[in-house]
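A closer look at the structure
Residues per chain are reported as follows:
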Amino acid sequence: MNSIIRILSLFFIPTFLLAAGSGEVDIVERSINFVIFFALIYYFAADKVKTMFVERRNSIAESLSKIQDKLQESKKEKQKALKQLEEAKKTANDIIETAKKEALIIAQKVDEQTNEEIESLVRQFNDDIAFERKKIERSVVADTLEEFLNSDSLALNKETLVRTLLKKVA
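For clarity, every value in this text was computed on a predicted model and none was experimentally measured. Positions within a chain are numbered from 1, following the residues in the order the chain's sequence is written. Under the rules for a predicted model, residues below a pLDDT of 70 receive no local features and side-chain atom pairs below 80 are neither given nor counted, while totals for whole chains, interfaces and linings still include all residues. Processing note: side-chain calculations cover all non-hydrogen atoms of the structure and skip hydrogens and water entirely.

Thoughts on a negative patch on the surface
- For patch detection, residues must exceed 30% relative accessible area and be free of salt bridges, and they are connected within 9 Å for like charges or within 5 Å for nonpolar side chains (Val, Leu, Ile, Met, Phe, Trp, Tyr). Here the open area of atoms and residues is found with the Shrake-Rupley method and a 1.4 Å probe, where only the protein chains shown may cover a residue. Only one rule defines a salt bridge in this text: a Lys or Arg side-chain nitrogen within 4 Å of an Asp or Glu carboxyl oxygen. Positive charges come from Lys and Arg, negative ones from Asp and Glu, while His and the chain ends are left out of the count. Taken as the charge location is NZ of Lys, CZ of Arg, CG of Asp or CD of Glu. A cluster of acidic residues, Asp-111, Glu-112, Glu-116, Glu-117 and Glu-119, forms a negative patch on the protein surface.
- Numbering of helices and strands starts at the N terminus; helices are DSSP runs of H or I of at least 4 residues and strands are runs of E of at least 2. Note on placement: Glu-119 falls in helix H2 (residues 27-150).
- Residue Glu-119 is classed as partly exposed on the basis of its relative accessible area of 47%. The classification of residues rests on relative accessible area computed with a 1.4 Å probe and restricted to protein chains. Under 20% of the type maximum is buried, over 50% is exposed, and intermediate values are partly exposed.

Structure representation (structure tokens):
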């Protein structure tokens, strides 16, 4: 209450000092009217003004609390995202290593298959050569036999014929 009187006296002192001395002095009545007016305003509006400021303070505190909660939540989400990023990097590295190993294994398998195919082709080629050689030998033997058998001028016995064939074949 003392603080209100001090504040009011600060408002009234300049009024008393600067009041014009034009003959009619109604400064006392005006001051009393002002005090009454101020008291009525204070009486009717003080609680509402206080309530308004308290509500404003509470709403500011509430919004600040919400903002801090959102900040904490965003920090948690950031940490979660960073953890997920690290896990994704590890997974990516694992996938890359696995892919390299698989590529090496596949390359080895392709190399082995290629070598097996080459060996198979070489064996088949050698078999074909042997088959053709036997075919040619049979053809030569058949031609030689036919030549000897068809020639009437030569009369050979079996032993001579067999020796000749063996020489021809060898």
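A short note on the pattern of salt bridges
- In the structure shown here, the tally under the stated rule is two salt bridges.
- Linking Lys-66 and Glu-62 is a salt bridge whose minimum nitrogen-to-oxygen distance equals 3.5 Å. Residue Lys-66 and its partner Glu-62 are located together in helix H2, separated by four residues, close to a single helical turn.
- Classification of Lys-66 as partly exposed rests on a relative accessible area of 48%.
- Judged by its relative accessible area of 46%, Glu-62 falls in the partly exposed class.

Description of the packing of aromatic side chains
- For Phe, Tyr and Trp, where Trp contributes only its six-membered ring, two rings pair if their centres lie within 6.5 Å, and the inter-plane angle classes them as stacked under 30 degrees, edge-to-face over 60, or tilted in between. One pass over the full model with this rule turns up two aromatic pairs.
- When the ring of Phe-34 is compared with that of Phe-38, the centres are 6.3 Å apart and the planes differ by 20°; the resulting orientation is stacked. Here Phe-34 pairs with Phe-38, and both are found in helix H2, just four residues apart, close to one helical turn.
- With 5.1 Å between their ring centres and 75° between their planes, Tyr-43 and Phe-44 make a pair best called edge-to-face. Here Tyr-43 and Phe-44 have matching classes, each one exposed.

Brief notes about the confidence of the model for the chain
- The predicted model of the chain averages 85 in pLDDT, with 81% of residues at 70 or higher.
- The quantity known as pLDDT measures the predictor's confidence residue by residue, on a range of 0 to 100. The secondary-structure element of the chain with the lowest mean pLDDT is helix H1 (residues 2-18), recorded at 68, while H2 shows the highest, at 91.

Remarks on the environment of Leu-145
- Here Leu-145 is to be found in helix H2.
- Judged by relative accessible area, Leu-145 falls into the partly exposed class, the value being 28%.
- The sequence separation of Leu-145 and Thr-164 amounts to 19 residues, and the corresponding C-alpha distance is 9.9 Å.

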